[in-house]
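Spelled out from the first residue to the last, the chains are:
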Amino acid sequence: MVRWAGITLLLIGIFPAQLFGEKQTLYYAGFAYLADCDEVADRYRYANAAIGKVDGCGPADFVEPPYSSTLTEINASSSSVELTVGQGDSESGDAISLAIGLDGENVSVYKLKDRYVVHYDLTAQILTFDFTNKEIVGAYPVFIRYGDLLDQPPTDEQRIEVFKKMLLDREFGANLIDEFVRVAQNIRPQQRGSLYFKVGQVNLSERAKEYLNANDRKAEVYQTWVAQAFSKAFSSRLNMPVLPYTKGQVIGGKMALRFSDGSASNFDVPPANYLAHITIRGMIKKTLGENDYLRKLSYIIGLGLKFEQPDMNEIYLDQNFQKGRVRDVSKAQGEPNSWAEFEESLSVLFDQVANQVEKKDKKWIKAHTPKNANVKVIRKELDTFYKKVVAQSR
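What comes next concerns the included structure. (Residues numbered from 1 in each chain as written. Predicted model: local features only at pLDDT ≥ 70, side-chain atom pairs only at ≥ 80, totals over all residues. Heavy atoms only, no water.)

1. Looking at the packing of helix H8 (residues 219–238) against helix H9 (residues 338–359)
In helix packing, the relevant descriptors are the interaxial angle and the interaxial distance, both defined with respect to the helix axes.
Point 1. Two elements in contact, H8 and H9, have axes separated by 9 Å at closest approach and are oriented at 35 degrees. Seen along the crossing, H8 lies across H9 with a hand that is right-handed. Contacts between H8 and H9 involve Tyr222, Trp225, Val226, Ala229, Phe230, Ala233, Phe234, Arg237 and Leu238 from the former and Trp339, Glu343, Leu346, Ser347, Phe350, Asp351, Val353, Ala354, Asn355, Val357 and Glu358 from the latter.
Point 2. Class assignment of the residues belonging to the contact of H8 with H9 gives a composition of 14 nonpolar, two polar and four charged. (Axes fitted to C-alpha atoms, helices over the stretch in contact; angles between N-to-C directions. Helix = DSSP H or I, 4+ residues; strand = E, 2+ residues; numbered from the N terminus. Left-handed = near helix turned anticlockwise from the far one by under 90°. Contact = heavy atoms within 4.5 Å. Nonpolar A, V, L, I, M, F, W, Y, C, P; charged D, E, K, R; others polar.)

What follows is the structure, encoded as structure tokens:
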């Protein structure tokens, strides 16, 4: 049996310019589900079976101690914030609270010759919020992936056990507790009100929809993944805040938090000043060459990006990009799963476009845009987006 673990950390939040000084107190609120009761079964089928209440809705009481026990460790290493469990003070004055919210899960199973590649994915949000006014202040999404190679597809019991370890076991290769500690140690002082950037719409071309249908993929699930991958790339590469993606709610929305003590609240997600609209134009697999032993394959994905400030009816960037992921594939081992390769192509493309916001390299732009694209115009639009949005949002 072969296993691997991959963790991608997204640092997203409200980072005001403040002088170094006394630590800001954040009131630790606990572990929560980011879902109403009627959504839990769909969003956390296996995770809820592992850590949910037997009678009731929300995480069980035993989930909290592994996370709250890390506060001393976090406070010892953080230069910006001090976490405390003083619930009484968390609802008074200018108090800001912090919580870990489970966002979603996914299990993907791919056939590789006579074996099965399994990806277990968890998404979570480490949130700061104003408890009194029920408003989100900052969001730090985390994506965790654990991989396995099995002789048979995993049973429900195996899936539940893996998610339980990912949520509660710090000795497990990919776990949420370590990521909570890492994010909390690096949180900067939190401040209400700022310029907010987020994904507005994720559109799918007819060609992309056909590919999703052929691979038995749900459009809404894929759209959410695309938004998360974009947010991760732009926040990490450009060190800018990105609000959580809420499908169909481009001018704001609500986020439900349901805690292990049974309490539940709905928090306002502030409206975004700037929006990123994403279009997945299509996916194409090409054979570039082959011999008796290898095939050279390219997994090409087409992407459209539009950045705007809707209140001012101002568009900063509106361009198409593309990326081909080239793989040398052994004929004896069989081809890798095309879906996973296209996901990787898009993740890399998001990261590279974010990098070009600052670099604006002519050669890269020419190689990753349509043949008739105007490189000079694209460089100007990237520069405008940087000056008007990125620099103002940091």
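Additional details are given in the paragraphs that follow.
2. Observations regarding the pairing of strand S4 (residues 96–112)
Each regular strand displays side chains that alternate between the two surfaces of the sheet.
Point 1. Counting buried positions over the 17 residues of S4 gives 13, a clear majority of the element.
Point 2. Where strand S2 (residues 24–33) lies against S4, seven bridges are found, and the strand directions are parallel. In the strand pairing of S4, Leu26 is matched with Ile96.
Point 3. Between S4 and strand S5 (residues 115–130), which pair antiparallel and follow one another directly, the connecting turn spans two residues, one of which, Lys113, has a positive phi of 55 degrees. (Buried < 20%, exposed > 50% of the residue type's maximum accessible area, 1.4 Å probe, protein only. Pairing = 2+ DSSP bridges.)

3. Describing the nonpolar core
Where a protein is soluble and globular, its nonpolar side chains tend to be buried together.
Point 1. Counting 60 residues, the largest nonpolar core has Phe31, Tyr67, Met166, Leu167, Leu176, Phe180 and Leu257 as the members making the most contacts within it.
Point 2. When residues in this core are grouped by element, the largest group, eight residues, is from strand S6 (residues 135–150).
Point 3. Non-local contacts of Tyr67, meaning those with residues more than four positions away in its chain, are made with Tyr28, Phe31, Ile100, Leu167, Leu168, Leu176, Ile177 and Phe180.
Point 4. With 52 residues, the next largest nonpolar core counts Leu212, Phe350, Val357 and Val390 among its residues. (Core = buried A, V, L, I, M, F, W, Y, C linked by side-chain atoms within 4.5 Å.)

4. Considering helix H11 (residues 375–393)
Point 1. Helix length check: H11 (19 residues) gives 26 Å between terminal C-alpha atoms against 27 Å at 1.5 Å per residue, within 8%.
Point 2. Turning to H11, its buried residues are Ile378, Glu381, Leu382, Phe385, Val389, Val390 and Ser393.
Point 3. Sitting at the amino-terminal end of H11 is Asn374, which places a side-chain oxygen 3.1 Å from the backbone nitrogen of Lys376. (Expected span 1.5 Å × (residues − 1). Polar contact = N/O pair within 3.5 Å; in protein donor to acceptor, adjacent residues only side chain to side chain.)

5. Quick look at helix H5 (residues 156–168)
Point 1. When the terminal C-alpha atoms of H5 are compared, their 18 Å separation across 13 residues agrees well with the 18 Å that a helix rising 1.5 Å per residue should span.
Point 2. Taken together, the buried positions of H5 are occupied by Arg159, Val162, Phe163, Met166, Leu167 and Leu168.

6. Examining the pairing of strand S12 (residues 314–330)
Point 1. Bridge count for strand S11 (residues 294–309) against S12 is 16 bridges, and the pairing is antiparallel. Note on S12: the bridge partner recorded for Ile300 is Gly324.
Point 2. The antiparallel hairpin formed by S11 and S12 contains four residues in its connecting segment, where Asn313 sits at a positive phi of about 55 degrees.

7. Notes on the state of the cysteines
Point 1. The full count for this structure, using the stated rule, is one disulfide.
Point 2. Shown here is the disulfide that connects Cys37 with Cys57, its sulfur atoms set 2.4 Å apart. Measuring handedness by torsion sign, the sulfur bridge of Cys37 and Cys57 sits at about -120 degrees and is left-handed. In this pair, Cys37 is assigned in the loop between S2 and helix H1 (40–43) and Cys57 in the loop between helix H2 (45–51) and helix H3 (64–68), connecting sequence segments 20 residues apart. (Disulfide = S-S within 2.5 Å.)

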